[in-house]
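# Survey of secondary and tertiary structure
Residues per chain are reported as follows:
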Amino acid sequence: MLRYCWNAQANWFTDYDLAAQQPAAIRTLAGVFPLFVRIATPRQARAVAAGLQRDFLKDGGLLTTLNSSGEQWDAPNGWAPLQYVAIEGLDHYRQRELARTIATRWVALNVRVFGQTGKLLEKYNVVNTNLEAGGGEYPTQDGFGWTNGVLLTLMNRYRLPEPRP
């Protein structure tokens, strides 16, 4: 991953374009996985953290991609597992303030939506936090295990407020 997926121009871990034999130009939140598994260098981790804060961090948490396509895995959607991977990865590299900011924003969004609907959802709109859910090519699904698990983990770790219906 360090050899083929570190994109020095983007300061980000990207997919590898086999046809072009170079790292792809598109940045996604998957770029935090090397931090999560602790293989990034400290310099790479700092660069990814800066990119997260500058480009991916929104009022409700982290965007999945910077592309607004209307598809579920693109902006403005955020997904619990990717929030967790980013927070854990940042924590591994002592980027604790940013990790806590992401966690606080994600939990606040989940708690607000739960308070309005009595449900936890599979994905959320992290840009417009007044919406109940994220969008995509099919209706948002209710009550995903990964949302429940990530929310509970973050509430316990950061001692954040519990949702109330």
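## Some words on the side chain of Asn-125
Checked against the element boundaries, Asn-125 lands in strand 8 (residues 123–125). Asn-125 sits in the buried class, given a relative accessible area of 8%. Polar contacts involving the side chain of Asn-125 include one to the main-chain amide nitrogen of Val-127, which spans 2.9 Å. Beyond its immediate chain neighbours, meaning those up to four positions away, Asn-125 contacts Pro-76, Asn-77, Leu-109, Leu-131, Ala-133 and Gly-134.

## Considering a nonpolar patch on the surface
On the surface, Met-1, Leu-2, Val-37 and Ile-39 cluster together into a nonpolar patch covering about 330 Å² of accessible area. Turning to its location among the elements, Val-37 is positioned in the loop between helix 1 (33–36) and helix 2 (42–56).

## A short note on the packing of aromatic side chains
As enumerated under the stated definition, the model contains eight aromatic pairs in all. For the ring pair Trp-12 and Phe-56, a centre distance of 5.0 Å and an interplane angle of 5° mean the geometry is stacked. Remark: Phe-56 occurs in helix 2 and Trp-12 occurs in strand 2 (residues 12–13); sequence separation between them is 44 residues. Assigned by exposure class, Trp-12 and Phe-56 land together as buried. Ring geometry for Trp-79 and Trp-146: centres 5.9 Å apart, planes at 80°, overall edge-to-face.

## A look at helix 4 (residues 96–117)
Taking 1.5 Å per residue as the helical rise, helix 4 with its 22 residues ought to reach 32 Å, and the 31 Å between its terminal C-alpha atoms agrees with that figure. The complete set of buried residues in helix 4 reads Leu-98, Ala-99, Ile-102, Ala-103, Trp-106, Val-107, Leu-109, Asn-110, Val-111, Val-113 and Phe-114.

## Thoughts on the packing of helix 4 against helix 5 (residues 145–158)
With their axes 10 Å apart at the nearest point, helix 4 and helix 5 run at an angle of 125° to one another. Comparing the axis directions of helix 4 and helix 5 gives the class oblique. As for how helix 4 packs across helix 5, the hand of that crossing is left-handed. Across from Ala-99, Arg-100, Ala-103, Trp-106, Val-107 and Asn-110 in helix 4, the residues of helix 5 making contact are Thr-147, Val-150, Leu-151, Leu-154, Met-155 and Tyr-158. Residue composition of the contact of helix 4 with helix 5, by class: nine nonpolar, two polar and one charged.

## Looking at the pattern of salt bridges
Tallied over the full model, the rule gives six salt bridges. Among the salt bridges present, the one from Asp-55 reaches Arg-27, with a minimum N-O distance of 2.7 Å. With a gap of 28 residues between them, Asp-55 in helix 2 and Arg-27 in the loop between strand 4 (22–23) and helix 1 connect regions that are remote in the sequence. Using a relative accessible area of 16% as the deciding quantity, one classes Arg-27 as buried. Linking Glu-88 and Arg-157 is a salt bridge whose minimum nitrogen-to-oxygen distance equals 2.3 Å. With Glu-88 in helix 3 (residues 80–92) and Arg-157 in helix 5, the pair connects residues that are 69 residues apart, well separated along the chain. By relative accessible area, which is 11% here, Glu-88 ends up buried. What you see here is one network of salt bridges that share partners, running through Arg-27, Arg-54 and Asp-55.

Cut-offs applied
Residues numbered from 1 in each chain as written. Predicted model: local features only at pLDDT ≥ 70, side-chain atom pairs only at ≥ 80, totals over all residues. Heavy atoms only, no water. Helix = DSSP H or I, 4+ residues; strand = E, 2+ residues; numbered from the N terminus. Buried < 20%, exposed > 50% of the residue type's maximum accessible area, 1.4 Å probe, protein only. Polar contact = N/O pair within 3.5 Å; in protein donor to acceptor, adjacent residues only side chain to side chain. Contact = heavy atoms within 4.5 Å. Patch = residues over 30% accessible without salt bridge, like charges linked within 9 Å, V, L, I, M, F, W, Y side chains within 5 Å. Areas by Shrake-Rupley, 256 points an atom, 1.4 Å probe, with all protein chains shown as cover. Salt bridge = Lys/Arg side-chain N within 4 Å of Asp/Glu carboxyl O. Phe/Tyr/Trp six-rings, centres within 6.5 Å; stacked < 30°, edge-to-face > 60°. Expected span 1.5 Å × (residues − 1). Axes fitted to C-alpha atoms, helices over the stretch in contact; angles between N-to-C directions. Parallel < 35°, antiparallel > 145°, perpendicular 65-115°, else oblique. Left-handed = near helix turned anticlockwise from the far one by under 90°. Nonpolar A, V, L, I, M, F, W, Y, C, P; charged D, E, K, R; others polar.

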